[in-house]
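So you can see what is in the structure, the chains are spelled out below.
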Amino acid sequence: MPSYKAPVREYRFLLNDTFNMSQYASLPGFRDAPLDIVDQILDEAARLAEEVLQPLNQIGDTVGCKLENGVVTTPPGFKEAYKTLVEGGWPSLVADPAFGGQGLPNALGVLFNEMVSSANMAFGMYPGLSHGAYSALLHHGSDELKQTYLPKLVTGEWTGTMNLTEPQCGTDLGLLRTKAVPQADGSYKITGTKIFISAGEHDLADNILHLVLARVEGAPAGIKGISLFLVPKFFVKEDGSLGARNGVSCGALEHKMGIHGNATCVLNYDEATGWLVGEREKGMRAMFTMMNEARLGVGLQGLSQSEVAYQNALAYAKDRLQGRSLTGAKEADKPADPILVHPDVRRMLLNAKSFNEGARALLVWTALHGDLAHASDDAAIRETGEDMMALLTPVVKGYLTDRGFANAVEAQQVYGGHGYIEENGVSQFVRDARISMIYEGANGIQALDLVGRKLAQNGGRGVFAFFKLIDDFIAANKDEALAPYAAALASARKDLEAATMWFMENALANPDNAGAGSAEYLHLFGVTAVGYMWALMAKASIAKIAEGKGDNAYYETKLKTARYYFERVVPETATHLARIRVGAAPLMDFAADEF
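Residues numbered from 1 in each chain as written. Predicted model: local features only at pLDDT ≥ 70, side-chain atom pairs only at ≥ 80, totals over all residues. Heavy atoms only, no water.

Teacher, can you tell me more about the overall build of the chain here?
Broken down by element type, the chain carries 18 helices and eleven strands. A compact globule built from 595 residues would reach a C-alpha radius of gyration of about 25 Å, and the chain, at 24 Å, matches this within 12%. For the C-alpha atoms alone, the extent of the chain along its principal axes is close to 80 × 60 × 60 Å. Counting the 595 residues in the chain, one finds 56% classified as buried. Across the chain, every contact between residues at least 6 apart in sequence was considered, and the portion connecting residues at least 24 apart equals 74%. (Helix = DSSP H or I, 4+ residues; strand = E, 2+ residues; numbered from the N terminus. Rg over C-alpha atoms; globule rule 2.2 N^0.38 Å. Buried < 20%, exposed > 50% of the residue type's maximum accessible area, 1.4 Å probe, protein only. Contact = heavy atoms within 4.5 Å.)

As structure tokens, this is what we get:
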């Protein structure tokens, strides 16, 4: 049976030693998160993940959701677990206190969400999508919509969804056909079909708030004519109680490769009543608030499945006896050595370990910049926070899910034939991780967004600010202990800048050059960004060892893992750069009938 242990020690290392979160104690949100409170939150969240959610993960996978007469039933135990989640106040952790939230930093919310997703990814999507709907309403909804819907969305008593995709359009939302007809009372009648709607119908909450993209009659064709609407499953009366059912129903449940515990629905809108969110024909602006948050959450899912797959593969590698070490028996009293002695098994495990710890740091670092973009009283810090969030969103989504899936596959490989057997659970991690590379914008789209939009945004301000952060770190850390890490980081940064300049010189003349190299660039950026995190963690570890007050064995292992990452993973940047510089010709020279 698979297991999961929340890496709380890792969380404390990041918050306390690496990023020194207490330095922000005077800022809104942070002042309510002193270290002792954060410790309690992490411990309680770990208990929820390990004791309540993880035991339901395989049940969710094997039983899945059921649809009968328009009613969706979630897997056994999910409803009770969701009630526990709500009663514990977890959905409100980082929400605005004005609507009943606790207002804590998103950097803490990232760690909570990792625990939930590692323990039970399918379950975690129910509250995760709700928070995205909350964000869209908070930033773009009218005061009336906020007062009516946000309080119970914040507590988790009601859940939310995002409705973009239709049978004929996914990435190209300009093709959508769902229509909205204005009514005399200011509402709209929404008619159309949406597909792939996660948590679109379920039995966990009393009401579901659908955020739906649709085109008002007479609006321009294409993406510029799209508006965003709030369509509740049940109407809400003036006293806050629920009224009649709205004209939205679940027509089918998708039969999927993974995340079986989450209800992925076909939703039919038959003149359902909805209310405009934000400005008319500015729906994508409002939806992107939700989509960008969802993309960071999906990047987190890539990490979460890599982490839980790694934990189980490591336990198996320590226990499974097969063959002898190439340098002689390590456990001569046993018939064979544990497979952990074999270099290639270690390679697969260390690929995951070094990624997990570095990717987690990148998520927390990015979330901290998002927090500072809102909370800091320094305009320059706010600007940097906004730039890093915008720049790194496609990197976090694309790179973390690509690598997370690859690590889950390698964890399955550690198991050998037993990894292909369902009862061992590792195959579920592979299947669940696979969707993260596809939804909320397939990773190829993330790469195009990074190269085609984010690099040029504000005249390249974001990417050059990122380079400066790395340059400042290298310049300030020339001491002998940090020199190997700084030198490797400098090499990766040089390759990333060279690739960036190559696009600036070659993409305008032939845009296919940007398309051909975009996936390589996203990975080059991801390797470098995680490398920067490893340099920061190495510095923190060296400082803690010098203090002589902490767990030196823990910090020594951190430095060994940093060395592995810089010596075994960072050299990939040179390969990515070489492929980028080839340009589009090897791809585009084929005629269609030559494939």
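Back to the write-up after that little detour.
Explain the packing of aromatic side chains here, please?
Counted by the stated rule, this structure contains 23 aromatic pairs. Here Phe466 and Phe525 contribute two aromatic rings whose centre-to-centre distance is 5.0 Å and whose plane-to-plane angle is 35°, an arrangement assigned as tilted. Of this pair, Phe466 sits in helix α13 (residues 461-476) while Phe525 sits in helix α15 (residues 511-547), placing them 59 residues apart in sequence. Residue classification places Phe525 among the buried residues on the basis of a relative accessible area of 0%. Pairing Phe503 with Tyr521 gives two aromatic rings, centres 5.3 Å apart and planes at 75°, and the pair type is edge-to-face. With a gap of 18 residues between them, Phe503 in helix α14 (residues 483-506) and Tyr521 in helix α15 connect regions that are remote in the sequence. A single burial state applies to Phe503 and to Tyr521, both of which are buried. Here a set of aromatic residues connected by ring pairs shows up, and it is made of Trp365, Phe466, Phe473, Trp502, Phe503, Tyr521, Phe525 and Tyr532. Seen from the ring of Tyr554, Arg9 lies directly overhead, with NZ or CZ sitting 3.9 Å from the centre. Lying across the ring of Phe405, Arg434 places its NZ or CZ 5.4 Å from the centre. (Phe/Tyr/Trp six-rings, centres within 6.5 Å; stacked < 30°, edge-to-face > 60°. Lys NZ or Arg CZ within 6 Å of the ring centre and 35° of its normal.)

Can you walk me through the packing of helix α5 (residues 106-119) against helix α6 (residues 121-140) in this structure?
When two helices pack together, their arrangement is captured by the angle between the axes and the distance separating the axes. Between α5 and α6, the least distance of the axes is 6 Å, while the angle of their chain directions is 140°. Between α5 and α6, the interaxial angle falls into the category oblique. On the side of α5, the interface is formed by Val116, Ser117 and Ala119, while α6 contributes Met121, Phe123 and Gly124. Residue composition of the contact of α5 with α6, grouped by class: four nonpolar, two polar and no charged. (Axes fitted to C-alpha atoms, helices over the stretch in contact; angles between N-to-C directions. Parallel < 35°, antiparallel > 145°, perpendicular 65-115°, else oblique. Nonpolar A, V, L, I, M, F, W, Y, C, P; charged D, E, K, R; others polar.)

What is the right way to read a nonpolar patch on the surface from this model?
Residues Phe464, Met501 and Met504 make up a contiguous nonpolar surface patch of about 240 Å² in total accessible area. Summarising the element assignment, Met504 is placed in helix α14. What makes Met504 partly exposed here is its relative accessible area of 37%. (Patch = residues over 30% accessible without salt bridge, like charges linked within 9 Å, V, L, I, M, F, W, Y side chains within 5 Å. Areas by Shrake-Rupley, 256 points an atom, 1.4 Å probe, with all protein chains shown as cover. Salt bridge = Lys/Arg side-chain N within 4 Å of Asp/Glu carboxyl O.)

It is not clear to me how empty space enclosed by the protein should be interpreted in this structure. Could you clarify?
Counting across every chain of the model gives three cavities of 30 Å³ or more. Reported here for the largest cavity is a volume of approximately 50 Å³. Lining of the largest cavity is provided by Asp387, Ala390, Leu391, Lys454, Gln457, Asn458 and Gly462. The greatest single-element share of the lining of the largest cavity, amounting to three residues, is contributed by helix α10 (residues 379-415). (1 Å grid on protein atoms, 1.4 Å probe; cavity = no way out; pocket = protein on both sides within 12 Å on 5 of 7 lines; lining within 4 Å. Points joined across faces, edges and corners; volume = space filled by probe spheres on them.)

Is there a simple way to explain the pairing of strand β9 (residues 242-245) in this structure?
For a regular strand, side chains alternate in direction, first toward one face of the sheet and then toward the other. The pairing of strand β8 (residues 234-236) with β9 spans two bridges and is antiparallel. Bridge pairing in β9 links Val236 to Leu242. Where β8 folds back onto β9 in an antiparallel hairpin, the turn is made up of five residues, including Gly240, whose phi is positive at roughly 90°. (Pairing = 2+ DSSP bridges.)

Would you mind showing me how to read the pattern of salt bridges here?
Should their charged atoms come close, side chains of opposite charge can pair. One pass over the structure, following the stated rule, counts 31 salt bridges. Taking the shortest distance from any N to any O, the salt bridge between Arg360 and Glu114 comes out at 2.8 Å. Here Arg360 is found in helix α9 (residues 343-375), whereas its partner Glu114 is found in helix α5, with 246 residues between them in sequence. One exposure class covers both Arg360 and Glu114, and it is buried. A salt bridge links Lys544 to Glu547; its shortest N-O distance comes to 3.3 Å. Of this pair, Lys544 and Glu547 are both found in helix α15, three residues apart, which corresponds to roughly one turn of the helix. Looking at Lys544, the relative accessible area reads 19%, which means it is buried. Using a relative accessible area of 44% as the deciding quantity, one classes Glu547 as partly exposed.

Whenever I open this one, the state of the cysteines confuses me. Can you help?
Throughout this description, disulfide means a covalent bond between two cysteine sulfur atoms. Under the defined criterion, the tally for this structure stands at zero disulfides. For the unlinked cysteine Cys169, the closest cysteine sulfur is that of Cys265, found at 18 Å. Exposure remark for Cys169: the relative accessible area of 3% places this residue in the buried category. In this structure Cys265 is not part of a disulfide, and its nearest cysteine sulfur, from Cys250, lies 3.8 Å away. (Disulfide = S-S within 2.5 Å.)

Please explain the side chain of Glu50 as it appears in this structure.
Relative to the assigned elements, Glu50 resides in helix α2 (residues 35-53). Here Ala6 takes part through its backbone nitrogen, which lies 2.9 Å from a polar atom of the side chain of Glu50. (Polar contact = N/O pair within 3.5 Å; in protein donor to acceptor, adjacent residues only side chain to side chain.)

Could you clarify how one ought to interpret the nonpolar core in this entry?
Side chains that are nonpolar tend, in soluble globular proteins, to be buried together. In this structure, Trp365, Phe466, Tyr521 and Phe525 are the most contacted members of the largest nonpolar core, which totals 184 residues. If you tally residues by element for this core, the top one is α15, at 16 residues. When near neighbours in sequence (up to four residues on either side) are disregarded, Tyr521 contacts Leu450, Val451, Leu455, Val463, Leu496, Ala499, Thr500, Phe503 and Ile580. If you look at the next biggest cluster of nonpolar residues, it comprises six residues, including Met121, Met125, Val298 and Tyr439. (Core = buried A, V, L, I, M, F, W, Y, C linked by side-chain atoms within 4.5 Å.)

Would you mind going over helix α8 (residues 283-319) with me for this structure?
Helical periodicity: at 3.6 residues per turn, an α-helix aligns residues three or four positions apart in one direction. Along its 37 residues, α8 runs 54 Å from first to last C-alpha, staying within 8% of the 54 Å computed at 1.5 Å per residue. The sharpest bend along α8 comes to roughly 30°, located at Thr289. When you tally the buried positions in α8, you get 27 out of 37 residues, the bulk of the element. (Expected span 1.5 Å × (residues − 1). Bend = angle between axes of the 7 residues up to and from the residue.)

For this particular structure, what's the right way to read the layout of surface pockets?
The method is simple in principle: a probe with the dimensions of a water molecule rolls over the atoms, and the space it marks as empty is what remains. Its volume calculated, the second largest pocket comes out at about 800 Å³. Together, 32 residues line the second largest pocket, and Thr165, Ile438, Tyr439, Glu440 and Gly441 are the ones closest to its centre. Sorting the residues of the lining of the second largest pocket by element identifies β3 (158-163), β5 (188-198), α8 and α12 (443-454) as the ones contributing at least two each. Broken down by element, the residue count for the lining of the second largest pocket peaks at five residues, all from α12. In terms of residue class, the lining of the second largest pocket is built from 18 nonpolar, eight polar and six charged.

Read these as layout, nothing more, since geometry by itself doesn't imply function.
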